[in-house]
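Each chain is listed here by its residues.
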Amino acid sequence: MSVVSAITVTVPATTANLGPGFDCIGAALKLYNEFKFTRQESGLSIHVTGTEAERVQTDESNLLYQAFVKFYQYIKQTPPTVKIEIKLGVPLARGLGSSATAIVGGLVAANQLEGTPISQSHVMELAIAMEGHPDNVVPALLGGCRLAATSGAAWEICDVPWHQDVVPVIAIPNFELSTSEARRVLPTEVSRADAIFNTAHLGLLLRGLETGNGQWLKTALQDRLHQPYRKALIPGYDALNIAAVSAGAYGMVISGAGPTLLALTDKLHSEAVEAAMLAAWQEKGITAEVRSLSLDTQGAKSF
Ligand SMILES: Nc1ncnc2c1ncn2[C@@H]1O[C@H](COP(=O)(O)OP(=O)(O)O)[C@@H](O)[C@H]1O
Ligand SMILES: N[C@@H](CCOP(=O)(O)O)C(=O)O
């Protein structure tokens, strides 16, 4: 492809961990950020509209721009001066991969502006290195539900079949929890028993997502590596868990590092699960947005 003067990239939100798959599995959701880059001689300008626009930096510290610059450092070129227009649809610091949208968006936009000098898998490796874990940036880039593993060299990515009857319900509270803060509360070591617990439950989760087997999903959506330490950072976690399961959900997990909570259910119960989770947070005086979302299957798209 040839060098172009402008590019627009849309990147989906992502829900990472899915319970036992800490730092290795995530799914893209039909909720998007849009980033438009236009070459301009007059220097960098960043304009933000949409959800919580006032909270996004508009100088060189902006994460989207940082990723854009990282790309040019990688190809050993000077980044062009650009006008950046950001349309936010993914709430910030809520566990829906907003940082991943910025990292993927900046890298993909730069690659497209320069006529795609590097491959998509190269973009993915750069994104993982920048974010520090693959479970948001990989599904954000590729779409769908993805599992990522590495033995230290390259990353192996596999798509995880998601049964059409498995419905994700997200409950987004009006308070934030930064990923860095939620990672700080995690222990540096885990017991063999907890490692085995999560290994087995992740395997069951993969089979439950593929088949839609409710019994497998009910058991699989448990974790001992991160949620026991993070739930204390999310007021109402236990109440929402009880409410969601009572309304028919297979189970509830923390979306990414939170505070958004994710329930998995079937189409028959999704509306009841939404209502139950919303009511549970309202009873605690917490405002939230609760909705069922479909999986995004396309990932980052540029035009
Ligand atoms: N669209 C965006 N453009 C620029 N920076 C963004 C964007 N979305 C998120 N960020 C950056 O990512 C930070 C949130 O990252 P993080 O704490 O990991 O939360 P999340 O769970 O949303 O990924 C924001 O404070 C902001 O600095
Ligand atoms: N595995 C990470 C996922 C962070 O997801 P985010 O959406 O909160 O950025 C973690 O749990 O720390």
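Residues numbered from 1 in each chain as written. Chains lettered and ligands numbered in written order. Predicted model: local features only at pLDDT ≥ 70, side-chain atom pairs only at ≥ 80, totals over all residues. Heavy atoms only, no water.

- As annotated in an unreviewed UniProt entry, the protein chain carries the name Homoserine kinase and comes from Nostoc flagelliforme CCNUN1.
- The record held by UniProt for the protein chain lists under Sequence similarities (unreviewed entry) the comment "Belongs to the GHMP kinase family. Homoserine kinase subfamily."
- Per its UniProt entry, the protein chain bears the Subcellular location (unreviewed entry) comment "Cytoplasm". (UniProt positions renumbered as here; feature names shortened; annotations may be inferred.)

### Notes on the overall build of the protein chain
Part 1: Within the protein chain, the regular secondary structure consists of ten helices and eleven strands.
Part 2: A principal-axis box enclosing the C-alpha atoms of the protein chain has dimensions of 60 × 45 × 35 Å.
Part 3: With 303 residues in all, the protein chain has 54% of them scored as buried.
Part 4: Long-range pairs, those at least 24 residues apart, make up 76% of the contacts in the protein chain with a sequence separation of at least 6.
Part 5: Accessible surface computed for the protein chain: about 13000 Å², of which carbon and sulfur atoms make up 51%.
Part 6: Looking at charge distribution, the protein chain has the averaged site of its 22 positive side-chain charges lying 1 Å from that of its 28 negative ones. (Helix = DSSP H or I, 4+ residues; strand = E, 2+ residues; numbered from the N terminus. Buried < 20%, exposed > 50% of the residue type's maximum accessible area, 1.4 Å probe, protein only. Contact = heavy atoms within 4.5 Å. Areas by Shrake-Rupley, 256 points an atom, 1.4 Å probe, with all protein chains shown as cover. Lys, Arg positive; Asp, Glu negative; His and termini not counted. Charge placed at Lys NZ, Arg CZ, Asp CG, Glu CD.)

### As for the packing of helix H2 (residues 98–113) against helix H3 (residues 120–131)
Part 1: Following both chains from N to C, one finds H2 and H3 inclined at 145°, their axes separated by 10 Å at the closest point. You can see that H2 and H3 cross each other, and the crossing is right-handed. Contact with H2, carried on its side by Ser99, Ala100, Ile103, Val104, Leu107, Val108 and Asn111, involves Val123, Leu126, Ala127, Met130 and Glu131 of H3 and no other residues of that element.
Part 2: Residue composition of the contact of H2 with H3, by class: nine nonpolar, two polar and one charged. (Axes fitted to C-alpha atoms, helices over the stretch in contact; angles between N-to-C directions. Left-handed = near helix turned anticlockwise from the far one by under 90°. Nonpolar A, V, L, I, M, F, W, Y, C, P; charged D, E, K, R; others polar.)

### What about the site of ligand 2?
Part 1: Around ligand 2 there are 15 residues in total, and Asn17, Asp23, Asp135, Arg183 and Arg230 lie nearest to it.
Part 2: Within the contact set of ligand 2, an oxygen atom lies 2.6 Å away from a side-chain nitrogen or oxygen of Arg230.
Part 3: Backbone polar atom of Ala257 to an oxygen atom of ligand 2: 2.9 Å apart, as the coordinates give it.
Part 4: In the complex, 98% of the free accessible area of ligand 2, which totals 350 Å², lies under the protein chains.
Part 5: For the shell around ligand 2, the per-class residue count stands at four nonpolar, seven polar and four charged. (Near = heavy atom within 4 Å. Polar contact = N/O pair within 3.5 Å; in protein donor to acceptor, adjacent residues only side chain to side chain.)

### So, unusual backbone geometry
Part 1: The omega torsion across Gly258 and Pro259 is 5°, close enough to zero to call that bond cis.
Part 2: Here Pro259 is to be found in the loop between strand S8 (251–254) and strand S9 (261–265).
Part 3: Backbone geometry places Glu52, a non-glycine residue, at a positive phi of 55°.
Part 4: The phi dihedral of Thr116 is positive, around 50°, even though this residue is not glycine.
Part 5: Here Thr116 lies in the loop between H2 and H3.

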